[in-house]
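A closer look at the structure
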Amino acid sequence: MSPHRRSLRFWSGAVTAALALTVTTVGQASAADVNNARNAGFEAGLNDWTCSAGSGTTVSSPVHTGSAALQATPAGQDNARCAQTVRVKPDSTYTLGAWVRGGYAYLGVTGTGTTDVSTWTPDSSSWKQLSTTFTTGSSTTSVTVYTHGWYGQAAYYADDVSVFGPDGGGGTDPGPTIPSAPGGLNVSGTTSSSVSLAWNAVSGATGYTVYRDGTKVTAVSGTSATVTGLAASTSYSFRVTATNGAGESPKSAAVTGTTNKPNGPGPALPRHAVTGYWQNFDNGATVQRLADVQAQYDIIAVAFADATSTPGAVTFNLDSAGLGGYTVDQFKADIRAKQAAGKKVIVSVGGERGTVAVNDAASAANFANSVYSVMQTYGFDGVDIDLENGLNATYMTQALRSLSAKAGSSLIITMAPQTIDMQSTSNSYFQTALNIKDILTVVNMQYYNSGSMLGCDGKVYSQGSVDFLTALACIQLENGLAPSQVGLGLPASTRGAGSGYVSPTVVNNALDCLAKGTGCGSFKPPRTYPGLRGAMTWSTNWDATAGNAWSNAVGPHVHGLP
């Protein structure tokens, strides 16, 4: 695009291959479903398992349950594949499951005689359950069930493998029973952007899932959780379920949590918001003053802050000459007027020519101090992180937490990563977002100037479609970010980016698909996300150049979401 995007990055490819479990059938099945896997928790080491190229071993930590788990390490052209022979029954339906963590992990089945299925998850620092179902053919007496890592990625861990279904005569591991619903759910604390919950422990549970207004928002191992990224002065309904290897319990009784009033000046950010970048330069788009920015924009990101000679530090220099004699005093007055109208005005750090680097404790302190100084000078409500050459998660986290401590709970923090930056939770951008989840406002990933990317279903999608927007947003929504912290970033016109422009109709269809389950393409999200924050565009200037077609169509649609 223009200065908002520095480079085009192309990464595509489907991810397949396997940690295998081979299953063979003899004899008659009993009526009761059993776990047909053997040594499913690896408590007996690698007994009944073999692993490719010596890639597998058992460890005592981390484990999901019991005393051991499998650790498998991809190396070179080996993707860490292991195998076990187990028995199943033809013409039968089985539920395949495993708990995984660490690097990329995959689970699936081949040789079913019907339809082979698979599922996967990006790398994760906590245990996640993979699950899928398959049906054996009328003459099928063996299948291969697999979970595996990926080339060049970190080791992954697997535990509590299960193949539940009719007894094939070879299973020795009894399956757990589904736990009961948690009791005692209560609201233990609130802020203007979060609600803290607590509940009673459930016997046999290995984890708990929290739902807000019917949508899954987080999973934890203990009996408390804090749901962040909420709108101020807003009531939400919460329920909790208990989980283990057998499945998920019924939902608990609901409790209502109401966030506090906003602590900062001006009204709180709306539940669904539109973000627009305002250009502090003339690149052929309509030159605007802040007062000219279209009313549909709730967050106006002023692009961009400038790096100084001090590592990590930034300043802001209004391009008065390029903007037709726009003075600093007029600019400040326009910021105040926008805030009085309920808008948030923030300063964006990065862009095409951005050279800000926060790579150590000193530069992190310089960043926080200088951004806060710029906020104080001009009256900005917060900061946008648009560092397109990557960032250091440790020190950017440190910098933003330091800034939050200075600015208080009304601070707006937005991020505008590229698509490649949000493919995995191990990526520094994604990790930073998760690290500051309790103070993060929204991540508006740039769904443009991108090559093909993996969606949350493991399939490859090309930019320019509803599926590209929804399948990639699903990765963020299913891997730690609250729906209120996810927005769709698109160019306002064909001139606003090198590639990836889609019509406002496509944007609105994607928003509806994610928030309401309507308007989807071939990709169907696993659930709806009615709390989805909204959309972003580059830029308000290119929008104005195109007759405000983008904001006139997308703005009312965002504000009308459930």
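Model, not experiment: these values are computed from the prediction. (Residues numbered from 1 in each chain as written. Predicted model: local features only at pLDDT ≥ 70, side-chain atom pairs only at ≥ 80, totals over all residues. Heavy atoms only, no water.)

1. With respect to the overall build of the protein chain
The line we're drawing: Numbered from the N terminus, helices here are DSSP runs of H or I no shorter than four residues, and strands are runs of E no shorter than two. Relative accessibility decides the category of a residue: with a 1.4 Å probe and only protein chains considered, values under 20% of the type maximum give buried, values over 50% give exposed, and everything between is partly exposed. Working definition of accessibility: Shrake-Rupley area with a 1.4 Å probe, residue cover restricted to the visible protein chains. Counted charges follow a simple rule, with Lys and Arg positive, Asp and Glu negative, and His plus the chain ends left uncounted. Taken as the charge centre is NZ of Lys, CZ of Arg, CG of Asp or CD of Glu, depending on the residue.
Secondary structure summary: the protein chain contains 8 helices and 32 strands in total. Principal axes of the C-alpha set define a box for the protein chain whose edges measure 85 × 50 × 45 Å. Classification of the 562 residues of the protein chain by burial places 54% in the buried group. Accessible surface for the protein chain amounts to roughly 20000 Å². Of this, 48% is attributable to carbon and sulfur atoms. When the 31 positive and 33 negative side-chain charges of the protein chain are each reduced to one mean point, those points stand 5 Å apart.

2. Thoughts on the sheet that holds strand 18 (residues 224–227)
Strand pairing in a sheet relies on backbone hydrogen bonds, with the paired strands running either antiparallel or parallel. For clarity, the cut-off: In this description, strands pair whenever DSSP reports at least two bridges between them. Structural elements are reduced to axes, namely lines fitted to C-alpha atoms, with helices fitted over the stretch in contact, and the angle between N-to-C directions of any two is expressed from 0 to 180 degrees.
Across the sheet, 3 strands lie side by side as 14-15-18; this open sheet has antiparallel pairing. Edge positions in the open sheet fall to strand 14 (186–190) and strand 18, since each of these has one partner strand only. Going from strand to strand, the sheet's axes swing by 25° on average, the running direction of each strand aside. Here strand 15 (residues 195–198) pairs with strand 18 via 4 bridges, running antiparallel. Counterpart to A198 in the pairing with strand 18 is S224.

3. Brief notes about the pattern of salt bridges
Spelled out, the test is: Any Lys or Arg side-chain nitrogen found within 4 Å of a carboxyl oxygen on Asp or Glu counts as a salt bridge.
The tally for this structure, following the rule as stated, stands at 4 salt bridges. Close ionic contact of E478 with R527 constitutes a salt bridge, the shortest N to O distance being 2.4 Å. Note that E478 is positioned in the loop between helix 5 (466–477) and strand 31 (486–491) and R527 in the loop between helix 6 (504–516) and strand 32 (534–538), a separation of 49 residues in sequence. A salt bridge links K516 to D512; the nearest nitrogen and oxygen atoms lie 3.5 Å apart. Of this pair, K516 and D512 both sit in helix 6, 4 residues apart, which is roughly one turn of the helix. Since its relative accessible area comes to 42%, K516 is described here as partly exposed.

4. Topic: the pairing of strand 32
Under the convention used in this document: Every crossover in which the path from the first strand over the helix to the second runs clockwise, viewed with the strands pointing away from the viewer, is termed right-handed.
Burial within strand 32 is extensive, with 5 of its 5 residues counted as buried. Pairing of strand 22 (residues 273–279) with strand 32 involves 5 bridges; the strand directions are parallel. Bridge pairing in strand 32 places A273 opposite G534. Bridge count between strand 31 and strand 32: 5 bridges; the pairing is parallel. Each bridged residue has a counterpart across the sheet, and for L490 the counterpart in strand 32 is T537. Between the parallel elements strand 31 and strand 32, the chain passes through helix 6 in a crossover that is right-handed.

5. Re the side chain of T275
The cut-off we apply is this: In what follows, residue pairs with any heavy atoms lying within 4.5 Å of each other are defined as contacts.
On the secondary structure map, T275 appears in strand 22. Residue T275 is classed as buried on the basis of its relative accessible area, which comes to 3%. Excluding residues within four positions of it along the chain, T275 makes contact with Y297, I299, N444, A535, M536 and T537.

6. Things to note about the state of the cysteines
In a disulfide, the sulfur atoms of two cysteines are held together by a covalent bond. Operational definition: Counting rule for disulfides: a pair of cysteine sulfur atoms within 2.5 Å.
All chains considered together, the criterion is met by 3 disulfides. Disulfide pairing is shown between C51 and C82; the S-S distance is 2.0 Å. Negative torsions about the S-S bond denote left-handed disulfides, and the value of about 105° found for C51 with C82 makes this one right-handed. Placement of the pair is C51 in strand 3 (residues 50–51) and C82 in strand 6 (residues 82–83), with a sequence separation of 31 residues. C82 gets classed as buried once you look at its relative accessible area, which sits at 1%. Disulfide pairing places C513 opposite C520 at an S-S distance of 2.0 Å. The chirality of the disulfide connecting C513 with C520 is right-handed, given an S-S dihedral of about 100°. Residue C513 is classed as buried on the basis of its relative accessible area, which comes to 1%. Disulfide partners in the protein chain, listed by the sequence order of the bonded cysteines, are 1-2, 3-4, 5-6.

7. Looking at the pairing of strand 17 (residues 215–220)
Relative to strand 17, strand 16 (residues 207–212) runs antiparallel, the two sharing 5 bridges. Bridged to Y208 within strand 17 is V220. The hairpin turn running from strand 16 into strand 17, its antiparallel successor, is 2 residues long, and D213 in that turn takes a positive phi close to 50°.

8. Points about unusual backbone geometry
Residue P62 follows S61 across a cis peptide bond; omega there is 0°. Cis geometry marks the peptide bond from A303 to F304; its omega dihedral reads 10°. Along the chain, F304 falls in strand 23 (residues 299–307). The backbone of F42 shows a phi angle near 65°, a positive value even though the residue is not glycine. When you line up the elements, F42 lands in the loop between strand 2 (33–35) and strand 3. Assessed through its relative accessible area of 1%, F42 is described here as buried. Of note, A80 is a non-glycine position whose phi angle comes to about 65°, a positive value. With respect to the element layout, A80 can be found in the loop between strand 5 (69–72) and strand 6.

9. A short note on the packing of helix 6 against helix 8 (residues 549–559)
Condition: For this classification, under 35 degrees means roughly parallel, over 145 means roughly antiparallel, 65 to 115 means roughly perpendicular, and everything else is oblique. Here a crossing is taken to be left-handed if its near helix is turned anticlockwise relative to the far helix by less than a right angle, and right-handed if that turn runs clockwise. Think of it as three bins: nonpolar holds Ala, Val, Leu, Ile, Met, Phe, Trp, Tyr, Cys and Pro, charged holds Asp, Glu, Lys and Arg, and polar takes everything else, Gly as well.
Where helix 6 meets helix 8, the axes come as close as 9 Å, and the angle between the chain directions of the two elements is 15°. When the interaxial angle is binned, helix 6 and helix 8 end up roughly parallel. The two elements helix 6 and helix 8 meet at a crossing, and its hand is right-handed. Between helix 6, through P504, V507, N508, L511 and D512, and helix 8, the contact on the second element is made entirely by A549, W550, A553, V554, H557 and V558. Taken together, the residues of the contact of helix 6 with helix 8 sort by class into 8 nonpolar, 2 polar and 1 charged.

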